[in-house]
Amino acid sequence: MKENYKEIKKWLDERKVKLVAVSKTHPVESIEMLLKMGQNVFGENKVQELLMKNSQLPYTIEWHLIGHLQSNKVKFIAPFISLIQSVDSMKLLKEINAQASKCNRVQSVLFQISIADEETKFGMEEDVCFSILESKELALMKNIRIEGLMGMATNTENHKKVRTEFKGLKKFFDSLKKKFSSESIRLETLSMGMSSDYKIAVEEGSNLVRLGSVIFGERNYEYNMII
Ligand SMILES: *Cc1c(COP(=O)(O)O)cnc(C)c1O
């Protein structure tokens, strides 16, 4: 794990790309090992698992939520979450704003855009994203900062297809950047790339990658039954 991390971190640093270490299904001991090596940004996709780990680890960790978030669970993470990468509806955005307001925080979020052709992947369509950014409702939300976009490519060996999907998201990101900039919209982060496709994602303009298995090894799918 240590060697993988060092090598990947060096490759990303050379390209000025930020790393989220995706620790889902891995124990707090593995996170502690990476913390000692200087990694401070971790991603989880389930609220319950995130809460459990947050309670056992230093409060200085920067946690990102990268999985689908139900509105009724926002309140549990609102006090501490650094970045919610998976905002996929106006309803969820409103709830995040309300809970962030209660905590006196401005919550940073990314909009997850649907770019893959699998129905199981969450995310909003480009036109929905565009209309939220334009909306008066967003302009009234004082506790939200939209920092960019996140996307997951189709899970396929077809690199050309993956590349096309990332290229499309980068193009959309650039077009939004030209059009939107305000107190609550600062589009700087383009989160694309996981273990299987991060090099392609970086070539296509990603500046934040979410890596799990290439760092921690295979996921332990029984983990959530144990905790
Ligand atoms: C699990 C997950 C990752 C990391 O996946 P790996 O293939 O292990 O790198 C990245 N992004 C999201 C949204 C995930 O759920």
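About the cut-offs
- Residues numbered from 1 in each chain as written.
- Predicted model: local features only at pLDDT ≥ 70, side-chain atom pairs only at ≥ 80, totals over all residues.
- Heavy atoms only, no water.
- Near = heavy atom within 4 Å.
- Polar contact = N/O pair within 3.5 Å; in protein donor to acceptor, adjacent residues only side chain to side chain.
- Areas by Shrake-Rupley, 256 points an atom, 1.4 Å probe, with all protein chains shown as cover.
- Nonpolar A, V, L, I, M, F, W, Y, C, P; charged D, E, K, R; others polar.
- Helix = DSSP H or I, 4+ residues; strand = E, 2+ residues; numbered from the N terminus.
- Buried < 20%, exposed > 50% of the residue type's maximum accessible area, 1.4 Å probe, protein only.
- Contact = heavy atoms within 4.5 Å.
- Phe/Tyr/Trp six-rings, centres within 6.5 Å; stacked < 30°, edge-to-face > 60°.

(A) Structural context of the site of the ligand. Inspection of the region around the ligand gives V22, K24, I66, M152, M194, S195, R210, L211, G212, S213 and R219 as its neighbouring residues. Contacts to the ligand include K24, whose side-chain N or O atom sits 2.7 Å from an oxygen atom. R210 places a polar side-chain atom, nitrogen or oxygen, 2.8 Å from a nitrogen atom of the ligand. For the ligand, whose free accessible area comes to 390 Å², the fraction covered by protein is 92%. Looking at the shell around the ligand, its residues break down into 5 nonpolar, 3 polar and 3 charged.

(B) Local environment of the side chain of Q112. Position of Q112 among the secondary structure elements: in strand β5 (residues 107-113). We classify Q112 as buried; its relative accessible area is 4%. Ignoring anything within four residues of it in the chain, the contact list for Q112 reads Q85, S86, V87, F122, G123, M124, M150 and M152.

(C) Region of the structure containing the packing of aromatic side chains. Applying the stated criterion across every chain, the model contains 3 aromatic pairs. A centroid spacing of 6.1 Å and a plane angle of 50° characterise the contact between F42 and W63, whose relative ring orientation is tilted. With a gap of 21 residues between them, F42 in strand β2 (residues 41-44) and W63 in strand β3 (residues 62-65) connect regions that are remote in the sequence. Side by side, F42 and W63 carry an identical accessibility label, which is buried.

Remember, this is a structural readout, not a statement about activity or role.
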